[in-house]
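In case you want the letters, here they are:
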Amino acid sequence: MTTITKKIQITGIVQGVGFRPFVYNLANSHKLNGFVLNDSSGVTIVIQGQTDDIHSFENKLKKTPPPRSKIVSCISKEIESKESFGNFSIRLSPSGGKKSAAVSPDLDVCPECLNEMLDPDNRRYLYPFINCTNCGPRYTIIQDIPYDRPKTTMSEFKMCAQCQSEYDDPSNRRFHAQPNACPECGPQLTLLDSNQELIQIGGSASENQLLYQKVAELFNSGKIIAVKGLGGFHLACDATSEAAVSLLRKRKYREDKPFAVMFPNIDVIKKYCGGNNLEISLLQSVAHPIVLLKKVKKTDLAASIAPNNHFLGAMLPYTPLHHLIFQYFDRPLVMTSGNVSDEPIVYKNKDVFRRLGKIADYFLINDREIHIRCDDSVYRIWNNKPYPIRRSRGYAPDKIMVDRKFDSHVLACGPEQKNTFALAKDNAVYLSHHIGDMENIEVLKSLEEGVAHYKHIFDIEPEIIAYDLHPDYLSTKYAEDYPDINSNNQNIHKVGVQHHHAHAVSCMVENGINQPVLAIVLDGTGYGTDGTIWGGELLLAEFDRFERLGHFQTTRLPGGTAAIKNPWQMGISYLQSVFDDRLVDIPFIKNLDSEKIKLVLTIMSAGLNSPITSSCGRLFDGVAAVAGLRNQVNYEGQAAVEFEQCIRDEYEEGYKFPIINEHSKIVLKWDKMVHQLVKDVEKQISISIISQKFHNGLSDGLMIWVSEAQKQTGIKEIVLSGGVFMNYYLLTRLKNALEKKGFIVYTHSVVPCNDGGISLGQAVIAGAQLKKMETE
């Protein structure tokens, strides 16, 4: 038999997921020698032995890797080696080198650790920071790569002799588990009141038990507790207590936006929500996102958790601490982001009392530092696959591979709402965790911190900065001011990217499309190339260019952004466009303050702070207001969300949305629809029927709209993107109709269709445009 030496280089999520211990044990089982190590690109293996044994080793390496790993590439080649290895070992990671290793998202606690934690005879009994190579914090504690303990926030905790022995033992599940710890040497819990007075300190099993009992007692008495988790603080309270939930709403300044609820287990979820196998599987996945589930009627959950909403954001415990709390408190808990509305999630102990001291009654903190904040992800199942609403914890910073190479490093700064940023190099885009709405300095700081962290761990120094065209967005101003004096690269290309083009390309990229497509992009606000506010767009899209083939009929946005929070203003705008002086006879108008109506009409007539818009999102708002649903909203998209949920699926007809050609554009008109809407309101037709007629008619109009574009271009591939496609009734009806007509329809499943996916499109567009400029 021939002895050979091979070098195997593996990229992907292969650090922090037990990959080196797996390789070590696999090599020994095949009687092979050599070594394995983490490096800045991933994992490198040098293996020496008989040809057949190495062949078998490589097969098992690829086919049966650790369950939490994800191999992106595996390059194996035979090498000359003067060294004869006497055994197989795990070597220390080399310093330096180009960083390209994938960083693992945080992992939910594994069944083995759960069993140990609940075993009275185990030394980690009731210990809330138990972990192993298969579970525990990763992304939120990593300060640099390769992923080794000295480069995490666990570096300040020196392992005790027993933990060190586990860490060094190849047969142990904690072999090279970087966050490994126990009650003797690891982080500890502390329970404090809002005056920072000590209530209970954790440590031993008995001390921890007293702490959990106290926490349960506080929840039972209606208290709100700020609980430090993996990526930041949650604000938690008894989800069955209307008084506690209402108080949390009041203190958090969050009037109606639904709260997420954490349930002890799947069986309890089924008492409160419907859930099919795909939804249950998503709830139990490694990422453990919040999943939108249909509510069961008449439960003991507080009504104010998700008012006027048929769905509930449900999640399961994903950290040891969550599971331990539910050992002592058996009811569902509200678990909402630890912040004041519109601010980023709090993640540092030193900030929590200042920022949450007027919301929480008690604080359950610990001394394991979080290096980077990371909110919970939110998903739902649509069309038998996960449909992302917010991609964050459990998914970030997993890279998105693209089928083209970035010749230069790119930073995409993202949009205003639901901001994420992205950095790109080689053929990968590193999409960030959820940053939030860029409406204040705290969120801007969160963006700056996130960008600095990504640049460091992925060794990216941007040469291209992509930004939204809207001049007033904080993310745009951040791009304008980049780089700062500390940047290593002062020669930077800045590329403005049109909002809806970015939406379209984000969907193209995740579906592997690299050819011209039609794109229906529907949302609330996006700055157009003509200086107006777009939002109902039909595009011919490519990576480096787009053409606006069509748009919705336009109207005024009276009061600018104020109209977004006041749908009645949009109602007046649409009605005035259609009825002009006959407004006074319309029921909706009769119920409004005459002075306010006069003011809105005046500013529209004068064009004062009333930009022209083709927004589909604002059309939803205006129609919902005229139909009598609501005149004000307390969170983005509230009117549209509630309007969709009025549908009872009992009506097939729809309002009319004619299509005309105007100034070389295919225009979807809504004026006839407004006439029909007003007649139905006058007849006192129910909002459920009005809503369904609007949705049906809009879907039918969009179908005709895109068919006209197909006649012009000959293209039958179409992408659907933009926040309006969070409307699952419209999305489903339109997709089915398009496919019946022979269109090939692409939708989102990797990044959100809302603005949370825009930075992916920005990065690819900017890279493609610069490449095109350089080749011309």
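The shown structure was predicted, so the numbers you read here are calculated from the model rather than taken from an experiment.

**Q** Whenever I open this one, the pattern of salt bridges confuses me. Can you help?
**A** Taken as a whole, this structure holds 32 salt bridges when the rule is applied. The shortest N-O distance in the salt bridge between Arg68 and Asp108 comes to 3.1 Å. Placement of the pair is Arg68 in the loop between helix H2 (51–63) and strand S4 (70–78) and Asp108 in the loop between strand S5 (88–90) and helix H3 (111–117), with a sequence separation of 40 residues. This pair shows no difference in class: Arg68 is buried, exactly as Asp108 is. Across the pair Lys771 and Asp407 runs a salt bridge whose closest N-O atoms are separated by 3.8 Å. With Lys771 in helix H23 (residues 758–775) and Asp407 in strand S17 (residues 399–412), this residue pair connects regions lying 364 residues apart in the sequence. On the accessibility criterion, Lys771 (31% relative accessible area) is partly exposed. One salt-bridge network, held together by shared partners, links Glu116, Arg173 and Arg174.

**Q** Sorry if this is basic, but what is going on with the side chain of Asp680 here?
**A** Turning to its location among the elements, Asp680 is positioned in helix H20 (residues 671–682). Taking the relative accessible area as the measure of exposure, Asp680 reaches 7% and is therefore buried. One polar contact links Asp680 to Tyr655, side chain to side chain, over a distance of 2.7 Å.

**Q** Explanation requested: the nonpolar core in the structure shown.
**A** Within soluble globular proteins, side chains that are nonpolar generally end up buried alongside one another. Formed by 70 residues in total, the largest nonpolar core has its most connected members in Ile520, Leu522, Leu575, Phe588, Met673, Phe694 and Leu702. With sequence-adjacent residues up to four places away left out, Phe588 is seen in contact with Trp568, Gly571, Ile572, Leu575, Ala625, Val626 and Asn631. If you look at the next biggest cluster of nonpolar residues, it comprises 43 residues, including Ala302, Val352, Ile365 and Tyr395.

**Q** How should I be thinking about helix H5 (residues 205–220) in this particular structure?
**A** Residues spaced three or four apart along an α-helix point in a common direction, a consequence of the helix completing one turn every 3.6 residues. Taking 1.5 Å per residue, 16 residues should reach 22 Å; H5 reaches 22 Å between its end C-alpha atoms and fits that length. Along H5, the residues classified as buried are Asn208, Leu211, Tyr212, Val215, Ala216, Leu218 and Phe219. The arc enclosing the buried residues of H5, seen along the axis, measures out at 160°, which places them on a common side.

**Q** In this structure, what is going on with the packing of aromatic side chains? I would like to understand it.
**A** Two measures describe an aromatic ring pair: the distance that separates the ring centres and the angle between the ring planes. Per the counting criterion, the structure on display carries 23 aromatic pairs. For the ring pair Tyr24 and Phe88, a centre distance of 6.2 Å and an interplane angle of 65° mean the geometry is edge-to-face. Here Phe88 lies in strand S5 and Tyr24 lies in helix H1 (residues 19–29), a separation of 64 residues in the sequence. A relative accessible area of 17% places Tyr24 in the buried class.

**Q** Hey, could you run me through the environment of Thr152 in this one?
**A** Looking at the secondary structure, you find Thr152 in the loop between H3 and helix H4 (161–168). Taking the C-alpha atoms as reference points, Thr152 and Glu80, separated by 72 residues in sequence, lie 36 Å from one another. Excluding residues within four positions of it along the chain, Thr152 makes contact with Ile141, Gln143 and Tyr147. Polar side-chain contacts of Thr152 include one of 3.1 Å to the backbone nitrogen of Met154.

**Q** Hey, could you run me through the packing of helix H18 (residues 616–626) against H20 in this one?
**A** Any two packed helices are characterised by the angle at which their axes cross and by the distance between the axes. Where H18 meets H20, the axes come as close as 10 Å, and the angle between the chain directions of the two elements is 25°. Compared by their axis directions, H18 and H20 come out roughly parallel. Considering only the axes of H18 and H20, their crossing is right-handed. Touching Leu619, Val623 and Val626 of H18 are Met673, Leu677 and Val681, all from H20. Its residues placed into classes, the contact of H18 with H20 shows six nonpolar, no polar and no charged.

**Q** Would you take a moment to explain the state of the cysteines for this structure?
**A** Two cysteines whose sulfur atoms are joined by a covalent bond form what is called a disulfide. Scanning the entire structure with this criterion turns up zero disulfides. The structure places no disulfide on Cys163, whose sulfur is separated from the nearest cysteine sulfur, that of Cys182, by 3.6 Å.

Here is what the cut-offs are and how they apply
- Residues numbered from 1 in each chain as written.
- Predicted model: local features only at pLDDT ≥ 70, side-chain atom pairs only at ≥ 80, totals over all residues.
- Heavy atoms only, no water.
- Salt bridge = Lys/Arg side-chain N within 4 Å of Asp/Glu carboxyl O.
- Helix = DSSP H or I, 4+ residues; strand = E, 2+ residues; numbered from the N terminus.
- Buried < 20%, exposed > 50% of the residue type's maximum accessible area, 1.4 Å probe, protein only.
- Polar contact = N/O pair within 3.5 Å; in protein donor to acceptor, adjacent residues only side chain to side chain.
- Core = buried A, V, L, I, M, F, W, Y, C linked by side-chain atoms within 4.5 Å.
- Contact = heavy atoms within 4.5 Å.
- Expected span 1.5 Å × (residues − 1).
- Arc of directions from axis to C-beta.
- Phe/Tyr/Trp six-rings, centres within 6.5 Å; stacked < 30°, edge-to-face > 60°.
- Axes fitted to C-alpha atoms, helices over the stretch in contact; angles between N-to-C directions.
- Parallel < 35°, antiparallel > 145°, perpendicular 65-115°, else oblique.
- Left-handed = near helix turned anticlockwise from the far one by under 90°.
- Nonpolar A, V, L, I, M, F, W, Y, C, P; charged D, E, K, R; others polar.
- Disulfide = S-S within 2.5 Å.

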